[in-house]
Amino acid sequence: MLTANERHRYDRQIIINEIGEEGQEKLKQAKVFVAGAGGLGSPICLYLAAAGVGTIRLIDKDTVDLSNLNRQILHGTADIGHLKVDSAKDKLALLNDAVKIEAISVTISEDNINSLIKGCDLIVDAMDNLPTRYILNKAAIEKGIPFFHGAVRGLEGRAMTIIPGKTPCLKCMYHGDVPKEKFPVIGVTPAVIGSIQATEVIKYLVGMGDLLTGRLLIYDGMSMEFREFKVSKNPQCEHCGEKRKRS
Amino acid sequence: MAIQINLHKTHRRYTGGKGSVDVEGKTVGECLKDLIRKYPPLGKEVFDKNGKLSGIVEVYLNGATAYPDELAKPVKDGDKIQLVYFLAGG
């Protein structure tokens, strides 16, 4: 049940027909897992907190560095040297203190992922490397909870939503690893992609709209173009296909 | 009529800025080889040292992923191949 204060705070989105008070209540009851408090994690958390998502479990092992600040807008100069999850928790509390932030500073691994996501309704990908994305993808499929993928480089980004058992997953489309690099990026790129991921999360939680499933959305800020590519389930996928079922 | 390969912008430095190249072949792999015959420096961008598709290149055929077995996918005149660069940053 929404309070009078909540009705006031979220008035402009409650009057979206597809959300209403019922949708707002769903957001309030939700617990989302955000993997990463960096470039993507910043807009994702800010917009989910602003929208009134009840609980955000935020995971990041790093401390804030000066070189993060061109894009990781949850953090500022005064946060340098502090844990990103602590800095993020402080900023999100200033934005919306009704949102519960569970800040955990740990490296995500195959050993701890199941305990980390326990009780969460979905996983949001805000990582900066492919191996951890695969860990998240696999865990989401095994637990049967949605996975909201996003990635950036330079002025380019991509996003796709994965519903286990129904749609292709991240492993269905990726065939290899990407060499580790100090990837180029400017803050507006994760702002675009993170906002798309947050939009998808909100749509899923409320139960509205058409999700970005089976479609890889690619954004090119240099030419200011969005493109979509169809992605199909790979029957031989190690995470969601026959190979997994046999193992 | 040929098959059109649309290049990622990082690859266009090898084609004098051209964003698309017409090629010939019966499979995606043959088309990519024709592309590299025309622009040899692209070879190290598209294929790894073992001759396999580079891990940082994705191939889409007529707007859909060509994975898995991208290089063996048959093509016909008028088809469009898109080379996309992998992204992993966050």
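Quick note: structure is the one above.
Residues numbered from 1 in each chain as written. Chains lettered and ligands numbered in written order. Predicted model: local features only at pLDDT ≥ 70, side-chain atom pairs only at ≥ 80, totals over all residues. Heavy atoms only, no water.

## Considerations on the nonpolar core
Within soluble globular proteins, side chains that are nonpolar generally end up buried alongside one another.
Move 1: Ranked by internal contacts, the top residues of the largest apolar core, which has 62 residues, are Phe33 and Ile108 of chain A together with Leu35, Ile81 and Leu83 of chain B.
Move 2: Residue contributions to this core peak at seven residues, all from helix α7 (residues 130-143) of chain A.
Move 3: In this view, Ile81 of chain B contacts Ile3, Gln4, Ile5, Asn6, Val28, Cys31, Val59, Tyr60, Leu61 and Val75 of chain B; residues no more than four positions away in its chain are not counted.
Move 4: Residues Val32, Leu40, Leu48 and Val185 of chain A belong to the second largest nonpolar core, which totals 40 residues. (Core = buried A, V, L, I, M, F, W, Y, C linked by side-chain atoms within 4.5 Å. Buried < 20%, exposed > 50% of the residue type's maximum accessible area, 1.4 Å probe, protein only. Helix = DSSP H or I, 4+ residues; strand = E, 2+ residues; numbered from the N terminus. Contact = heavy atoms within 4.5 Å.)

## A short note on a nonpolar patch on the surface
Move 1: Together, Leu155, Ile186, Val188 and Met222 of chain A make up a nonpolar patch on the protein surface, roughly 360 Å² of accessible area in all.
Move 2: Relative accessible area serves as the criterion here: at 52%, Val188 of chain A is assigned to the exposed category. (Patch = residues over 30% accessible without salt bridge, like charges linked within 9 Å, V, L, I, M, F, W, Y side chains within 5 Å. Areas by Shrake-Rupley, 256 points an atom, 1.4 Å probe, with all protein chains shown as cover. Salt bridge = Lys/Arg side-chain N within 4 Å of Asp/Glu carboxyl O.)

## Structural notes on the interface of chain B and chain A
Move 1: Counting residues at the interface gives 23 residues for chain B, matched by 36 residues for chain A.
Move 2: Summed over both partners, the interface of chain B with chain A buries about 2,300 Å², with 59% contributed by carbon and sulfur atoms.
Move 3: Considering only the side of chain B, the residues that lose the most area to chain A are Tyr67, Leu87 and Gly90 of chain B, jointly responsible for 31% of the buried surface there.
Move 4: Close ionic contact of Lys9 of chain B with Asp220 of chain A constitutes a salt bridge, the shortest N to O distance being 3.3 Å.
Move 5: At the junction of chain B with chain A, the criterion picks out 14 residue pairs in polar contact (both at pLDDT 80 or more).
Move 6: When residues of the side of chain B that touches chain A are traced back to their parent elements, those giving at least two are β3 (57-61), β4 (64-65) and β5 (80-85) of chain B. (Buried area = accessible area lost by both parts, 1.4 Å probe. Polar contact = N/O pair within 3.5 Å; in protein donor to acceptor, adjacent residues only side chain to side chain.)

## Re the layout of surface pockets
Move 1: By volume, the largest pocket amounts to about 820 Å³.
Move 2: Lining the largest pocket are 37 residues, and of these Asp62, Asp128, Asn129, Lys180 and Phe183 of chain A lie nearest its centre.
Move 3: Among the elements that line the lining of the largest pocket, the one with the most residues is α7 of chain A, at three residues.
Move 4: Among the residues making up the lining of the largest pocket, the classes are represented as 14 nonpolar, 13 polar and ten charged.
Move 5: There is about 290 Å³ of room inside the second largest pocket.
Move 6: What lines the second largest pocket is a set of 17 residues, and nearest its centre among them are Asp220, Glu225 and Arg227 of chain A together with Arg12 and Gln82 of chain B. (1 Å grid on protein atoms, 1.4 Å probe; cavity = no way out; pocket = protein on both sides within 12 Å on 5 of 7 lines; lining within 4 Å. Points joined across faces, edges and corners; volume = space filled by probe spheres on them. Nonpolar A, V, L, I, M, F, W, Y, C, P; charged D, E, K, R; others polar.)

## Things to note about empty space enclosed by the protein
Move 1: Within this structure, the stated rule accounts for one cavity of 30 Å³ or more.
Move 2: In this structure, the largest cavity spans a volume of roughly 30 Å³.
Move 3: What lines the largest cavity is simply Met173 of chain A together with Glu58, Val59, Tyr60, Thr65, Ala66, Tyr67 and Glu70 of chain B.
Move 4: Take the lining of the largest cavity: its biggest share by element is three residues, from β3 of chain B.

## Quick word on the state of the cysteines
Cysteine pairs can be covalently joined through their sulfur atoms, and such a bond is termed a disulfide.
Move 1: Counted by the stated rule, this structure contains zero disulfides over all chains.
Move 2: Looking at the unpaired Cys120 of chain A, the closest cysteine sulfur is the one in Cys45 of chain A, lying at 12 Å. (Disulfide = S-S within 2.5 Å.)

## What to know about the side chain of Thr189 of chain A
All names here are of chain A.
Move 1: For Thr189, the location among the structural elements is in helix α9 (residues 188-206).
Move 2: The class of Thr189 is buried, set by a relative accessible area of 1%.
Move 3: Setting aside its immediate chain neighbours within four residues, Thr189 contacts Val152, Gly154, Leu155, Glu156, Gly157 and Tyr219.

## Describing the pairing of strand β8 (residues 225-230) of chain A
All names here are of chain A.
Move 1: Sheet topology places strand β7 (residues 215-220) next to β8; six bridges connect them, and they run antiparallel. Note that in β8 the partner of Leu217 across the bridge is Glu228.
Move 2: The turn joining β7 and β8, which pair antiparallel and follow one another in sequence, is formed by four residues; a positive phi near 50° is taken by Met224. (Pairing = 2+ DSSP bridges.)

## Looking at the packing of aromatic side chains
Residue and element names in this part refer to chain A.
Move 1: One pass over the structure, following the stated rule, counts three aromatic pairs over all chains.
Move 2: The interplanar angle of 65° and the centroid separation of 6.1 Å between the aromatic rings of Phe148 and Tyr204 together place this pair among those described as edge-to-face. Remark: Tyr204 occurs in helix α9 and Phe148 occurs in strand β5 (residues 147-153); sequence separation between them is 56 residues.
Move 3: On the basis of an interplanar angle of 40° and a centroid distance of 5.1 Å, the ring pair of Tyr219 and Phe226 is categorised as tilted.
Move 4: Relative accessible area serves as the criterion here: at 7%, Tyr219 is assigned to the buried category.
Move 5: Here Lys171 stacks its cationic end above the ring of Tyr134, 3.8 Å away from the centre of that ring. (Phe/Tyr/Trp six-rings, centres within 6.5 Å; stacked < 30°, edge-to-face > 60°. Lys NZ or Arg CZ within 6 Å of the ring centre and 35° of its normal.)

Interpretation in functional terms is not warranted from these geometric data alone.
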